[in-house]
Amino acid sequence: MERQASEDIPIGKDLVPPLLPLAAALHNSTLPTHCAACFSPLPPQPFELFTPPVSQISHHVPDGTPTLLYCSPQCSSLDSSLHFSSAEGQLLSHLHEKPSSELPESSDLRLSLRLLYKFEQEKDLRTLSGLENNDNHCLFQETDNKEGPDEYLEIKEQPNVDMENWNQDNGVWERIAGLMTNRERLIFQEDKNDHLQETGNREDLDENVKNSSEKDPFLKWIRNGAKLMAMARRMQGGDINVNVVAPEEYVVEEMVLCLVLTNAVEVLDKSGCNVGVAVYGTVFSWFNHSCSPNAWYRFLTGSEHTDDLESRISLSTMENGNEILIEGKKAYGPRIIVRSIKAIKEGEGVTIAYTDVFQPKVGYIFKYII
């Protein structure tokens, strides 16, 4: 996808109005210091979660579990329901009781749980999955065939197999709400396997499939993270002694986690401190990457505001209002603004640089998605 300037734009102009996230989550280290809703620093006497009626809490979170704090009653009332409904509390509880050296940071997993819950609450799921013209599919379609890397490769090698239709029929969604999941690349290492297949090196191909299933640390991280997400969601439903093992038990969580790893940005405060992660809709996520970008972005947290509300980029008709569908009337969180850092001519592509924001993950993420 490409964003283009709808007019001649001088240096230092905001290209879009402040955009609210589809979902956001603080890093573990900033949970005690920042508001979980707007990401602003907490006051001396922060506000706790707004506790819903007991009937809405399916599974008790033990005392001592890290909790979310807020800068105001309004932020607490806005965010508390999502926290309880998404199983974020159950995930924090599990990691508090059984710390994992392989998963020291939970923000990506908590962000994925929040996003997954929001996706599942949407009524028009076909629109979110980009299949609004196909009445036979819906988001997160339940199927009996959830292949792993080796089975996926075998299917792909078969003649006369339409992989695009196969992906949709088997729950391997390329996009959700217009955002790429990249699951084929992150889990199935599709690009690397395609290259080995083209060169005819079957031995290396088989070894790569084996390694991707058993040895790759990033693949293991995704698998373990998706398992924990599925476990937390079942705990939230009342199943305390749950044990998630088979891949088909966490395929939905895996897809959304891959989407987060592909699209999430690190949220920086005024001082440049990395306070959390957020996923924004297609208005932001469809900006292309460049090592020499003509635009950059910054964040507004708390009561910060800007007077420039004009959009200076062309939006695609394919976007179909997904931002509004997901955000709804109670959208909140750190807002993002894209600003020109070079003069941009009308019709010229607008680009940003992904690498600085993704620095902790750059070695992994760009290995798969470039």
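As a reminder, the structure under discussion sits directly above these lines.
Source: prediction; values computed, not measured.

Draft legend 1. Layout of the overall build of the chain. In terms of helices and strands, the chain carries 14 helices and eleven strands. In the chain, which comprises 370 residues, the share counted as buried stands at 52%. Pairs at least 24 apart in sequence give 79% of the contacts found in the chain among residues at least 6 apart. Carbon together with sulfur atoms contributes 50% to the accessible area of the chain, which is approximately 17500 Å² in total.

Draft legend 2. Structural view of the pattern of salt bridges. According to the stated counting rule, one finds ten salt bridges in the structure shown. Taking the shortest distance from any N to any O, the salt bridge between E7 and R312 comes out at 3.6 Å. Residue E7 is located in the loop between β1 (3-5) and β2 (23-26), and its partner R312 is located in the loop between β8 (295-300) and β9 (313-314); the two are separated by 305 residues in the primary sequence. Since its relative accessible area comes to 27%, E7 is described here as partly exposed. Two residues, E88 and R110, come together in a salt bridge whose shortest N-O distance is 3.2 Å. Taken together, the residues E88 in helix α2 (residues 88-97) and R110 in helix α3 (residues 107-121) connect sequence positions 22 residues apart. The pair formed by E88 and R110 is uniform in burial state, with each residue classed as buried.

Draft legend 3. Region of the structure containing the environment of Y70. Along the polypeptide, Y70 turns up in the loop between β2 and α1 (73-85). With 27 residues separating them along the chain, Y70 and P43 place their C-alpha atoms 8.5 Å apart. Looking at Y70, its side chain comes within polar contact range of the side chain of D79, at 2.6 Å.

Draft legend 4. Highlighting empty space enclosed by the protein. Following the criterion strictly, the structure yields four cavities of 30 Å³ or more and no others. Counted as a void, the largest cavity has a volume near 70 Å³. Along the walls of the largest cavity sit 14 residues, with P21, A23, A24, R114 and Y332 positioned nearest its centre. Put simply, the parts of the chain that give the lining of the largest cavity at least two residues each are β2, α1 and α3. In the lining of the largest cavity, the residues fall into ten nonpolar, one polar and three charged.

Draft legend 5. Representation of the environment of S93 in the model. Along the chain, the position of S93 falls in helix α2. Judged by its relative accessible area of 2%, S93 falls in the buried class. Taking the C-alpha atoms as reference points, S93 and T67, separated by 26 residues in sequence, lie 9.2 Å from one another.

Draft legend 6. Highlighting the packing of α2 against α3. Between α2 and α3, whose axes approach to 9 Å, the crossing angle comes to 155 degrees. It follows from the interaxial angle that α2 and α3 lie roughly antiparallel. As for how α2 packs across α3, the hand of that crossing is right-handed. Each of E88, L91 and L92 in α2 lies in contact with α3, whose residues at this interface are L109, R110, L113 and R114. Of the residues assigned to the contact of α2 with α3, the class counts are four nonpolar, no polar and three charged.

Draft legend 7. Broad picture of the side chain of E254. Tracing the chain through its elements places E254 in helix α11 (residues 251-263). Using a relative accessible area of 0% as the deciding quantity, one classes E254 as buried. Within the structure, the side chain of E254 is placed 2.4 Å from the side chain of R223, a separation counted as a polar contact. Excluding residues within four positions of it along the chain, E254 makes contact with R183, I187, I222, R223 and A226.

Draft legend 8. Structural context of unusual backbone geometry. Notably, F39 is not glycine yet its phi reads approximately 70 degrees, a positive angle. Along the chain, F39 falls in the loop between β2 and α1. On the basis of relative accessible area, F39 is assigned to the buried category, the value being 1%. Notably, N182 is not glycine yet its phi reads approximately 60 degrees, a positive angle. Along the chain, the position of N182 falls in the loop between β4 (179-180) and α7 (183-186). Taking relative accessible area as the criterion, N182 reaches 6% and is therefore assigned buried.

Conventions and cut-offs
Residues numbered from 1 in each chain as written. Predicted model: local features only at pLDDT ≥ 70, side-chain atom pairs only at ≥ 80, totals over all residues. Heavy atoms only, no water. Helix = DSSP H or I, 4+ residues; strand = E, 2+ residues; numbered from the N terminus. Buried < 20%, exposed > 50% of the residue type's maximum accessible area, 1.4 Å probe, protein only. Contact = heavy atoms within 4.5 Å. Areas by Shrake-Rupley, 256 points an atom, 1.4 Å probe, with all protein chains shown as cover. Salt bridge = Lys/Arg side-chain N within 4 Å of Asp/Glu carboxyl O. Polar contact = N/O pair within 3.5 Å; in protein donor to acceptor, adjacent residues only side chain to side chain. 1 Å grid on protein atoms, 1.4 Å probe; cavity = no way out; pocket = protein on both sides within 12 Å on 5 of 7 lines; lining within 4 Å. Points joined across faces, edges and corners; volume = space filled by probe spheres on them. Nonpolar A, V, L, I, M, F, W, Y, C, P; charged D, E, K, R; others polar. Axes fitted to C-alpha atoms, helices over the stretch in contact; angles between N-to-C directions. Parallel < 35°, antiparallel > 145°, perpendicular 65-115°, else oblique. Left-handed = near helix turned anticlockwise from the far one by under 90°.

Everything listed here is a matter of coordinates, which is why it stays silent on function.
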